[in-house]
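Topology and contacts: notes
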Amino acid sequence: MRSINRFTVAGNVGTITSFEKAVKVSIAADRVWTNDAGKKETRTDWVTVTVFDDQAAWIKGNVSKGQPVIAEGRINNSSYEKDGQTVYTTDLVATTFNAFQAANTNAKD
């Protein structure tokens, strides 16, 4: 059986960190559920998305904090040393990245 490494995240942009040929975009993805007491709870998971080349250049000029986006790609695990400790990271390396206009919450029907 072939394996598949595909991941999709949809949420709102937090930060955009630019590099020469890449950007790292943090995306906030909310999970909402009802707890045992019947109260709604929300948790925000932050996903770091790395985008390269032409898509990265497009993001630099067209995407801003708070904007709704969807990204699809592969999971990439890596590590680096910081202050003598090994730090492990898991990122989404995007092959597809789309941004949308934020909904106008002041619009009237």
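Whatever comes next refers back to the structure up there.
Values in this document were obtained by computation on a predicted structure and should not be read as measured data.

1. Overview of the pairing of strand 2 (residues 22–34)
- Here strand 1 (residues 7–18) runs beside strand 2; their pairing, made up of five bridges, is antiparallel. Note that in strand 2 the partner of Ile 16 across the bridge is Val 25.
- Between strand 1 and strand 2, which follow one another and run antiparallel, lie three residues.
- Between the end of strand 2 and the start of strand 3 (residues 40–52), which pair antiparallel, lie five residues, with Gly 38 showing a positive phi angle near 85°.

2. Thoughts on the nonpolar core
- Core analysis: the largest hydrophobic core is formed by 17 residues, its most contacted members being Val 9, Ile 27, Val 49, Ala 71 and Phe 97.
- At the level of secondary structure, the elements contributing two or more residues to this core comprise strand 1, strand 2, strand 3, helix 1 (53–62), strand 4 (68–82) and strand 5 (85–99).
- The leading source of residues in this core is strand 2, at four residues.
- The contact partners of Ala 71, leaving out residues within four places of it in the chain, are Phe 7, Thr 8, Val 9, Ile 27, Val 49, Leu 92, Ala 94, Thr 96 and Phe 97.

3. A closer look at the pattern of salt bridges
- Using the criterion set out here, one finds four salt bridges in the structure.
- Taking the shortest distance from any N to any O, the salt bridge between Lys 24 and Asp 91 comes out at 2.7 Å. Separated by 67 residues along the polypeptide, Lys 24 in strand 2 and Asp 91 in strand 5 bring together distant segments of the chain.
- Note on Lys 24: relative accessible area 29%, which makes it partly exposed.
- Taken together, the salt bridges that share partners define one network made up of Arg 31, Arg 43 and Asp 45.

4. Digging into unusual backbone geometry
- Look at Asp 53: it is not a glycine, yet its phi comes out positive at around 55°.
- With respect to the helices and strands, Asp 53 occurs in helix 1.
- In the Ramachandran plot, Asp 83 falls in the positive-phi region, its phi being about 55° despite a non-glycine side chain.
- Note on Asp 83: relative accessible area 74%, which makes it exposed.

5. Observations concerning the sheet that holds strand 5
- Taken in spatial order, the five strands close into a barrel running 1-2-3-5-4, and their pairing is mixed. Taking each pair of neighbouring strands and ignoring which way they run, the sheet shows an average axis angle of 45°.
- Two strands pair when backbone bridges link them, and strand 1 and strand 4 are joined in this way by six bridges, in the antiparallel orientation. Bridge assignment links Gly 11 to a residue of strand 4, and that residue is Val 69.

Procedures and definitions
- Residues numbered from 1 in each chain as written.
- Predicted model: local features only at pLDDT ≥ 70, side-chain atom pairs only at ≥ 80, totals over all residues.
- Heavy atoms only, no water.
- Pairing = 2+ DSSP bridges.
- Helix = DSSP H or I, 4+ residues; strand = E, 2+ residues; numbered from the N terminus.
- Core = buried A, V, L, I, M, F, W, Y, C linked by side-chain atoms within 4.5 Å.
- Buried < 20%, exposed > 50% of the residue type's maximum accessible area, 1.4 Å probe, protein only.
- Contact = heavy atoms within 4.5 Å.
- Salt bridge = Lys/Arg side-chain N within 4 Å of Asp/Glu carboxyl O.
- Axes fitted to C-alpha atoms, helices over the stretch in contact; angles between N-to-C directions.

Spatial relationships are all this shows, so hold off on functional conclusions.
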